[in-house]
Amino acid sequence: MLGANNEIPVVWSDMDVYHNLALIQLNSWSAFCHDPNIIQSYRWIQFDLGVNNIIGAIKLQERDNIEEYTTSFKLQYSDDGIAWIDYNEQGEQVAKVFDGTHDRNTISVYNLDYPPMHRYLRFVPLTWNSGRPCYRLDICRCATS
C-alpha cells in the first residue's frame, strides 16, 4: 500500500489524527480496531494517497489473534478530504454495502466495478461479529496514463 512516489499514505481515523500503518497492513501481527461505542457516522479509517488514484479493489483480512472481524462495510471517496461520496454501483443511488469476511486468515478481494479516481479513500465498517470491528486491508490502485 504505497502513495504517490512510492510513499506510505497518511492514515487518519475516528480515534486520532494518525495511525501506524503496520497495524492495518495485510498479514500484520495485529489489526486496526475501532471502539464499538463510537457513533456509526464517526467510525472510519481514511487514507490520503497523495494524488488522485484509480482505486480498483480493496483487500480485506480480519484480526489475526482474536475472533473480531468486520461483517459489512462501505467505501467513501473524496478529492479534498472534506466532502465525501459513498461508492455505489453504476445507476444506483444508495451506497454499496460490501459483505465482510468471516474468518481470521482469508484475504478477501473486493473488485470495484466502477472504480473511482480520487485522492482520499475511507473504509467504513458497518457491522461486526462481536466485540469490535477489526481489520487489516490494502488498497489496490490501477495505473493511470
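Residues numbered from 1 in each chain as written. Predicted model: local features only at pLDDT ≥ 70, side-chain atom pairs only at ≥ 80, totals over all residues. Heavy atoms only, no water.

What to know about the environment of isoleucine 85
Argument step 1. On the secondary structure map, isoleucine 85 appears in strand β5 (residues 85–86).
Argument step 2. With residues up to four places along the chain from it excluded, the contact list for isoleucine 85 reads Leu75, Gln76 and Tyr77. (Helix = DSSP H or I, 4+ residues; strand = E, 2+ residues; numbered from the N terminus. Contact = heavy atoms within 4.5 Å.)

Some details on the confidence of the model for the protein
Argument step 1. Put simply, the protein has an average pLDDT of 79, and 79% of its residues get 70 or more.
Argument step 2. In this model residues 1–8 is a low-confidence stretch, pLDDT under 50, and it forms 21 contacts with partners more than four residues away in sequence or in other chains. (pLDDT = per-residue confidence, 0-100.)

Some remarks on the nonpolar core
Argument step 1. Among the nonpolar cores identified, the biggest contains 20 residues, and Leu75, Phe123, Leu137 and Ile139 are the most heavily contacted of them.
Argument step 2. At the level of secondary structure, the elements contributing two or more residues to this core comprise β3 (45–61), β4 (70–78), β8 (117–128) and β9 (134–142).
Argument step 3. With 6 residues, β3 is the largest single contributor of residues to this core.
Argument step 4. Apart from residues no more than four positions distant in its own chain, phenylalanine 123 is found in contact with Trp44, Ile45, Leu60, Phe73, Lys74, Leu75, Tyr135 and Leu137. (Core = buried A, V, L, I, M, F, W, Y, C linked by side-chain atoms within 4.5 Å. Buried < 20%, exposed > 50% of the residue type's maximum accessible area, 1.4 Å probe, protein only.)

What to know about the pairing of β9
Argument step 1. The sheet contact formed by strand β2 (residues 32–33) and β9 spans 2 bridges and is antiparallel. Its bridge partner lying in β9, phenylalanine 32 is registered against tyrosine 135. (Pairing = 2+ DSSP bridges.)

A short note on the packing of aromatic side chains
Argument step 1. Per the counting criterion, the structure on display carries 7 aromatic pairs.
Argument step 2. A centroid spacing of 4.4 Å and a plane angle of 50 degrees characterise the contact between phenylalanine 123 and tyrosine 135, whose relative ring orientation is tilted. Taken together, the residues phenylalanine 123 in strand β8 and tyrosine 135 in strand β9 connect sequence positions 12 residues apart. Both residues of the pair, phenylalanine 123 and tyrosine 135, belong to the buried class.
Argument step 3. The rings of Phe73, Tyr87, Phe98, Tyr110, Phe123 and Tyr135 are connected pair by pair, giving a single aromatic cluster.
Argument step 4. Sitting over the face of the ring of phenylalanine 98, lysine 96 holds its NZ or CZ atom 5.4 Å from the ring centroid.
Argument step 5. Stacked on the ring of tryptophan 44, the Lys or Arg arginine 122 has its end atom at 3.8 Å from the ring centre. (Phe/Tyr/Trp six-rings, centres within 6.5 Å; stacked < 30°, edge-to-face > 60°. Lys NZ or Arg CZ within 6 Å of the ring centre and 35° of its normal.)

Some words on the pairing of β3
Argument step 1. With 12 of its 17 residues buried, β3 lies for the most part within the structure.
Argument step 2. Here β3 runs beside β8; their pairing, made up of 6 bridges, is antiparallel. Paired with glutamine 46 across the bridge in β8 is arginine 122.
Argument step 3. Two elements, β3 and β9, share 7 bridges in a ladder whose sense is antiparallel. Among the inter-strand pairings, isoleucine 54 is bridged to a residue of β9, identified as cysteine 142.
Argument step 4. For β3 and strand β7 (residues 108–111), the ladder comprises 4 bridges, and the chain directions are antiparallel. Counterpart to isoleucine 58 in the pairing with β7 is tyrosine 110.

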